Amino acid sequence: MTINFSAFSFARLALRKKGIDCVNVDRELRDGMTAQDFINELGFEPGKIEAVFINGTVLPKSTVLHDGDRVALLPPGTPGSYRLILGIKAMNDEGDTSG
């Protein structure tokens, strides 16, 4: 399957240091991958990605990706007011909010 991928802020910097394109690029992934699988494949350590936007909506990292999805990764550090605007909440892998 093919997804369209972008990373933001510190995530973008980390990927660029590894020579990984991360701004509006198409990526081939194996079928059935979750957002967390993709994060792991990119080499991010636990806690380095706070929010995953899939087709413009913040969804749990356990969400299965599909062909044609638009996926964006955001690391921790987004200021409080933007967290509200973007819909970022503290979320565990099952999608339960804790704040």
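Analysis parameters
Residues numbered from 1 in each chain as written. Predicted model: local features only at pLDDT ≥ 70, side-chain atom pairs only at ≥ 80, totals over all residues. Heavy atoms only, no water. Buried < 20%, exposed > 50% of the residue type's maximum accessible area, 1.4 Å probe, protein only. Helix = DSSP H or I, 4+ residues; strand = E, 2+ residues; numbered from the N terminus. Pairing = 2+ DSSP bridges. Core = buried A, V, L, I, M, F, W, Y, C linked by side-chain atoms within 4.5 Å. Contact = heavy atoms within 4.5 Å. Phe/Tyr/Trp six-rings, centres within 6.5 Å; stacked < 30°, edge-to-face > 60°. Lys NZ or Arg CZ within 6 Å of the ring centre and 35° of its normal. 1 Å grid on protein atoms, 1.4 Å probe; cavity = no way out; pocket = protein on both sides within 12 Å on 5 of 7 lines; lining within 4 Å. Points joined across faces, edges and corners; volume = space filled by probe spheres on them. Polar contact = N/O pair within 3.5 Å; in protein donor to acceptor, adjacent residues only side chain to side chain. Salt bridge = Lys/Arg side-chain N within 4 Å of Asp/Glu carboxyl O.

## As for the pairing of strand β5 (residues 70-74)
On any regular strand, side chains alternate: one points to one face of the sheet, the next to the other face.
Point 1. The buried count for β5 comes to four of five residues, which makes it a mostly enclosed element.
Point 2. Bridge analysis of strand β1 (residues 2-7) against β5 gives four bridges, and the strand direction is parallel. Residue A7 lies in a different strand from β5, and its bridge partner there is L73.
Point 3. Two strands pair when backbone bridges link them, and strand β3 (residues 51-54) and β5 are joined in this way by four bridges, in the antiparallel orientation. Bridging across to β5, I54 finds its partner in V71.

## What about the nonpolar core?
Point 1. Counting 21 residues, the largest nonpolar core has F5, F38, F44, V52, L65 and L73 as its most contacted members.
Point 2. Mapped by element, the contributors of at least two residues to this core are β1, α1 (9-17), α2 (35-41), β3 and β5.
Point 3. Those residues in contact with F5, other than ones at most four positions away along the chain, are L15, D21, C22, V23, N24, V25, R27, F38, L42, V71 and L73.

## Thoughts on the packing of aromatic side chains
Point 1. Applying the stated criterion to the full structure yields one aromatic pair.
Point 2. Centroid distance F5 to F38: 4.9 Å. Interplanar angle 90°. Geometry classified as edge-to-face. Here F38 lies in helix α2 and F5 lies in strand β1, a separation of 33 residues in the sequence. The residues F5 and F38 share a single accessibility class, namely buried.
Point 3. Positioned above the aromatic ring of F44, the side-chain terminus of K18 is 5.9 Å from the ring centre.

## Comments concerning the layout of surface pockets
Point 1. Estimated volume of the largest pocket: approximately 180 Å³.
Point 2. Around the largest pocket, the lining residues are F10, A11, A14, K18, G43, F44, E45, K48, P75 and P76.

## Concerning the side chain of T63
Point 1. Secondary-structure assignment places T63 in the loop between β4 (57-59) and β5.
Point 2. Only 2.7 Å separates the side chain of T63 from the backbone oxygen of P60, close enough to count as a polar contact.
Point 3. Excluding residues that lie within four positions of it along the chain, T63 makes contacts with M33, T34, A35 and I54.

## Brief notes about the pattern of salt bridges
Point 1. With the rule as written, the count across this model stands at two salt bridges.
Point 2. Here R30 makes a salt bridge to E41, at a shortest N to O gap of 3.9 Å. Taken as a pair, R30 in the loop between β2 (25-28) and α2 and E41 in helix α2 lie far apart in primary sequence, eleven residues in all.
Point 3. Looking at R30, the relative accessible area reads 52%, which means it is exposed.
Point 4. Under the relative-accessibility criterion, E41 is labelled partly exposed at 42%.
Point 5. Look at the salt bridges and you will find they share partners, linking R27, R30 and E41 into a network.

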